[in-house]
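# Secondary and tertiary structure notes
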Amino acid sequence: MRAAAIGKTFTMAETHSLQDLQQPAVSSKVFVQRDYSSGTISKFQTKFPSELESRLDKQQFEETIQTLNNLYAEAEKLGAESYLEGCLACLTAYTIFLCMETHYEKVLKKIARYIKDQNEKIYAPRGLLLTDPIERGLRVVEITIFEDRSIGSGR
Amino acid sequence: MMKNCEYQQIDPRALSVSPSSAQNHTEKKVQRSRRKWEVFPGKNRFFCDGRIILARQSGVLPLTLGLIVVTCGLFFAFDCPFLVEHLTVFIPVIGGVLCVFVLISLLRTSFTDPGILPRATPDEAADIEKQIDTSGSSTYRPPPRTKEILINQQVVKLKYCFTCKMFRPPRTSHCSLCDNCVERFDHHCPWVGNCVGKRNYRFFYSFIISLSFLTSFIFGCVITHITLRSQEGKNLVQAIQESPASVVELVICFFSIWSIMGLSGFHTYLVASNLTTNEDIKGSWSSKRCAEDSGNPYSYNSIITNCCATLCGPMPPSLIDRRGFLSFDEAIPAASEMELPRFAAKNDAHMCTQSTKDVLERVVHSFDFHGLCPPGTPKTTPLGLEVSSMAAPSTEHSPSAGCSGQHALQPVAAPCPPFSRSSKRRDSLHSINPAFRLASPSPPLSRTTWILDDATNMGFISLP
């Protein structure tokens, strides 16, 4: 019961601090646009937005975006695997897509895991949040900047 | 102190979804949980709860289907028996295979999302506007905005779409019939009742190719049939009188062959040069360079590669999440749409909530927070969220602070799109864009009542 009380205490404390975040916590959003220099493939600009200068290293940001670009390139790669998948699909009158997950979908899951991982390790501790581009129609990488609510000397 | 907060607080570490309770709550709130296709802004029609998408005007799709089915039906009924007897049994087999292939390709073309681009969220639109307005005058909005970019060392103009509020990616065009921006827009085909774009071009191509084969095959068989009949000691007129259906088929096939074969040939040329009908008609690339074959920056300069890329390339996913559930915010007309991948329905329900809460914690821990909250301190929240079943009216807002605090961190639901689809029932109540909610707390939020329930994953249940 004491453990439960402590557990509850902890979450109470957490929620009380969370409550401070209820005040408009989203200070702004930065949108990293698509880079079309290589054509219509999914690729995002690696230019470091000025709004993030105070929060994040340029190198880390570039690394995140570059990895994302590489992952999307892998998804859209034209190679033996994709051709085989395409031909097989054609032969089965495209009914195979009803049961099988496409290569692209598999990579999208990988991307989602990567973004979650990046958020946990790098972005959330700095009060930032990456939104998966697929949620924005692969148009932008949305980075939400939360207000820094460092409250006094607590903790 | 704990006694004051007798609500069942969720331990963020110990989340588990109990599907039965989730389902019960969902059923109760079914009038609130709407799917995204129900509020889709384009002119499309949806069937099977969002699984099938069609243009609003289905055009002559029923006619196309009818013609194909009737012609094949007549063929199998009247011509095949004779031909099987006189020639070979493979004739109906081949005919059957072709017919099935044609129909499947047609239905795939009609019912697949052609590559619709979801409209820009208000935040994005505002960001773009800001970037444009800095260069222009503030009083008068300039005419269609364009942005020039370099693609493979060639200048390409991107146009701003006023309906979708974004700069259209290259090769994207806005279809006025469907009121959507479609990627790699080819044309809007009335025969198929849908736009032809990036995602369904290969289906469209296989439809017209297989239809060419089918019509040629039926035409040939019917000619053979009538010829064989008239050779059996009868003249042509008698042969036709014996098999009138063949004439019907002949007429249909004769007219179809010219148009379908012509179309197939044209599209084969387009595929080989990696062009769209739209670009070809506008002459986007042909006028620029006379010396070279094509000034097309998207071409791989090899016919085989172009064909493979267009027809056998990777299948891109649908960017509009038709079957995802709306968050409470999105049910409000002014709010934006959130797109989640369609395929994520296959994932577990557990993963999103756990991952969301994990990220939530990290965001929390990134800021300093007090140790224990002093008991009985009513930390007020201006959000006006009411929490029912609160045992402590004195600390009226601190429990609500708790839950609305968790609620305020909904933005972190965003980074796990494949999983958040699975918690779509909960997502219908979550704020995807908390900025909107927090900015205007009173009207939308006062309608929201939360109770905490440790049996459910997020513990947020909206009460009427």
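Scoring rules and cut-offs
Residues numbered from 1 in each chain as written. Chains lettered and ligands numbered in written order. Predicted model: local features only at pLDDT ≥ 70, side-chain atom pairs only at ≥ 80, totals over all residues. Heavy atoms only, no water. UniProt positions renumbered as here; feature names shortened; annotations may be inferred. Helix = DSSP H or I, 4+ residues; strand = E, 2+ residues; numbered from the N terminus. Buried < 20%, exposed > 50% of the residue type's maximum accessible area, 1.4 Å probe, protein only. Pairing = 2+ DSSP bridges. Disulfide = S-S within 2.5 Å. Salt bridge = Lys/Arg side-chain N within 4 Å of Asp/Glu carboxyl O.

Labelled according to an unreviewed UniProt entry, chain B appears under the name Palmitoyltransferase, originating from Sander lucioperca. One UniProt comment on chain B, placed under Catalytic activity (unreviewed entry), says "L-cysteinyl-[protein] + hexadecanoyl-CoA = S-hexadecanoyl-L-cysteinyl-[protein] + CoA". UniProt annotates chain B under Sequence similarities (unreviewed entry) with the comment "Belongs to the DHHC palmitoyltransferase family."

Labelled according to an unreviewed UniProt entry, chain A appears under the name Golgin subfamily A member 7, originating from Sander lucioperca. In its Subcellular location (unreviewed entry) section, the UniProt entry covering chain A states "Golgi apparatus membrane". Recorded in UniProt under Sequence similarities (unreviewed entry), the annotation for chain A is "Belongs to the ERF4 family."

Here we take up unusual backbone geometry. Excluding glycine, most residues fall at negative phi; most peptide bonds, likewise, are trans. Positive phi values are uncommon outside glycine, yet A:Leu138 reaches one of about 55°. Looking at the secondary structure, you find A:Leu138 in the loop between β2 (128-131) and β3 (140-146). Backbone geometry at B:Asn274 places phi at a positive 50°, although glycine is not the residue there. Mapping B:Asn274 onto the fold places it in the loop between α7 (244-272) and α8 (277-282). A residue is classified by how much of its surface remains accessible, and B:Asn274, at 5% relative accessible area, is buried.

Okay, the sheet that holds strand β5 (residues 154-161) of chain B next. Picture the strands of a sheet paired through backbone hydrogen bonds; they go either parallel or antiparallel. Read across the sheet, 3 strands follow the order β4-β5-β6 (chain B) without closing on themselves; strand pairing throughout is antiparallel. Only two strands of the sheet have a single neighbouring strand rather than two, namely β4 (146-151) and β6 (166-167) of chain B.

What follows concerns the state of the cysteines. Residues and elements named next belong to chain B. Going through the model one piece at a time under the given rule, you end up with 0 disulfides over all chains. Free of any disulfide, Cys189 has its nearest cysteine sulfur in Cys195, 9.9 Å distant. Of the cysteine sulfurs around Cys221, a residue in no disulfide, the closest is that of Cys80, at 7.0 Å.

Okay, the pairing of β3(A) next. Residues and elements named next belong to chain A. In terms of burial, β3 is a largely internal element, 7 of the 7 residues being buried. On β3, burial covers both faces: Val140, Glu142, Thr144 and Phe146 on one face and Val141, Ile143 and Ile145 on the other are all buried. Of the pairings in the sheet, the one linking strand β1 (residues 26-33) to β3 comprises 7 bridges and is antiparallel in character. When the sheet's bridge partners are listed, Val26 is paired in β3 with Phe146. Bridging between β2 and β3 involves 4 bridges; their strand directions are antiparallel. For Leu130, the partnering residue across the bridge sits in β3 and is Ile143.

On to the pattern of salt bridges. What the rule picks out here adds up to 13 salt bridges over all chains. The partner of A:Lys116 in a salt bridge is A:Glu120, and the shortest N-O contact between them spans 3.9 Å. Highlighted residues: A:Lys116 and A:Glu120, both in helix α4 (residues 103-123), separated by 4 residues, approximately one helical turn. Residue class for A:Glu120 comes out buried when judged on its relative accessible area of 17%. Look at the salt bridges and you will find they share partners, linking A:Lys29, A:Arg136, A:Glu142 and B:Asp123 into a network.

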